[in-house]
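Here are the chains, one letter per residue:
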Amino acid sequence: MSYLVPAEFVTKMVDSGESKVYMSTKDTLIRSFMAGAILALAAVFAITVAMKTGSPLLGAVLFPVGFIMLYLMQFDLLTGVFMLVPLALIDKRPGVTVKQVLRNWGLVFLGNLAGALTVAFMMSFVFTYGYSTDGGAIAAKVSSIGEARTLGYKEYGINGWFTIFIRGMLCNWMVSMGVVGAMVSSTVSGKAIAMWMPIMLFFYMGFEHSVVNMFLFPFAMIMGGDFTLVDYLVWNELPTVTGNLVGGMLFTGLTLYTTHIKTGKKRNLR
């Protein structure tokens, strides 16, 4: 599988973060739009598989195909840049500033959101034959997911909010490991296997992914979910985004950078 050792692929992580800072606005928006759209398609695909087969595990096994496709095309997810781009700042790459990091995050957020919303409207049109039917079982399932993952958390107040936050942290711990997985091998098969494992884990465990949610909750609202935009933002997207940010940077980016780039002095056993 042409495996790269950590010292090599962590250097690639920092290089990748630096390149994203200097990417043009046009390219950043296009790549993030496509990432949001493809991940949204993967989400509705996984939900459809789980419903038709009665196996949520099979849906989770197949969901990573979308993630693999978008990263092989070098499209950008917010969860990925949360982890990669700050490394260029921490590594003191020339010219990289906090303002540039925030600019990249903002552009990727907008692109992901636009892509996810585009697919939400397209799929809602398809399922309802141009909004002439109720959407059937898929609509009912998605609506119930949207309600459970907004109002269900709201019921528990601040404890519910921090539950989503922690699920967001756990999610991007795994998702950012998938991003790293794309760098640990120089072959397509090696990259795919390394990306597959952590993405399958996060999806099956029901962790909260900000970009998946940019599709799932607007789609659920269109399909009749009984919750509001404010419910979605306050009781899902906001804690999910912040959890994704902390989890990706803390558990993956900083740990790998600290132990493989800024390694400690070797012990003298004499």
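I will try to describe carefully the structure that is included in this document. Everything numeric in this text was worked out from a predicted model, so none of it was measured. (Residues numbered from 1 in each chain as written. Predicted model: local features only at pLDDT ≥ 70, side-chain atom pairs only at ≥ 80, totals over all residues. Heavy atoms only, no water.)

A count of helical and extended segments in the chain gives twelve helices and zero strands. Going residue by residue from the N terminus, the α and β elements of the chain occur as α-α-α-α-α-α-α-α-α-α-α-α. For the chain, the C-alpha radius of gyration of 19 Å lies close to 18 Å, the compact-globule estimate for 270 residues. Taking the principal axes of the C-alpha coordinates as reference, the chain spans close to 75 × 40 × 40 Å. Per-residue burial over the chain gives 50% buried out of 270 residues. For the chain, the proportion of contacts with a sequence separation of at least 24, taken over those separated by at least 6, is 83%. Total accessible area computed for the chain in this model is approximately 12600 Å², and 70% of it derives from carbon and sulfur atoms. Both charge centroids of the chain, one from 19 positive and one from 13 negative side chains, sit 14 Å from each other. (Helix = DSSP H or I, 4+ residues; strand = E, 2+ residues; numbered from the N terminus. Rg over C-alpha atoms; globule rule 2.2 N^0.38 Å. Buried < 20%, exposed > 50% of the residue type's maximum accessible area, 1.4 Å probe, protein only. Contact = heavy atoms within 4.5 Å. Areas by Shrake-Rupley, 256 points an atom, 1.4 Å probe, with all protein chains shown as cover. Lys, Arg positive; Asp, Glu negative; His and termini not counted. Charge placed at Lys NZ, Arg CZ, Asp CG, Glu CD.)

Its place among the elements puts Tyr-129 in the loop between helix 6 (98-127) and helix 7 (136-148). Residue Tyr-129 is classed as exposed on the basis of its relative accessible area, which comes to 67%. Linking Tyr-129 and Thr-252, residues 123 residues apart in sequence, is a C-alpha distance of 43 Å.

Okay, the nonpolar core next. Side chains that are nonpolar tend, in soluble globular proteins, to be buried together. Core analysis: the biggest nonpolar cluster contains 70 residues, and Met-13, Phe-63, Phe-202 and Phe-215 have the highest contact counts within it. Looking at this core, the element that brings in the most residues is helix 2 (residues 25-53), giving ten residues. Sequence-distant contacts of Phe-63, defined by excluding residues within four places in its chain, comprise Leu-39, Ala-42, Ala-43, Ala-46, Ile-199, Phe-202, Phe-203 and Val-212. (Core = buried A, V, L, I, M, F, W, Y, C linked by side-chain atoms within 4.5 Å.)

What follows concerns the packing of helix 5 (residues 78-90) against helix 12 (residues 229-260). Following both chains from N to C, one finds helix 5 and helix 12 inclined at 50 degrees, their axes separated by 8 Å at the closest point. If you check the angle between helix 5 and helix 12, you find them oblique. The two elements helix 5 and helix 12 meet at a crossing, and its hand is right-handed. Where helix 5 abuts helix 12, its residues Thr-79, Phe-82, Met-83, Pro-86, Leu-87 and Ile-90 lie against Val-241, Asn-244, Leu-245, Gly-248, Met-249, Thr-252, Gly-253, Leu-254 and Tyr-257. Residue classes in the contact of helix 5 with helix 12 are distributed as ten nonpolar, five polar and no charged. (Axes fitted to C-alpha atoms, helices over the stretch in contact; angles between N-to-C directions. Parallel < 35°, antiparallel > 145°, perpendicular 65-115°, else oblique. Left-handed = near helix turned anticlockwise from the far one by under 90°. Nonpolar A, V, L, I, M, F, W, Y, C, P; charged D, E, K, R; others polar.)

Attention now goes to the pattern of salt bridges. Summed over the entire model, instances satisfying the criterion amount to seven salt bridges. Asp-91 is paired through a salt bridge with Arg-93; the nearest N and O atoms lie 2.8 Å apart. In this structure Asp-91 comes out as partly exposed when scored by relative accessible area, which is 22%. You can call Arg-93 buried: its relative accessible area is 17%. Lys-154 is paired through a salt bridge with Asp-231; the nearest N and O atoms lie 3.3 Å apart. (Salt bridge = Lys/Arg side-chain N within 4 Å of Asp/Glu carboxyl O.)

Geometric values such as these leave the question of function open.
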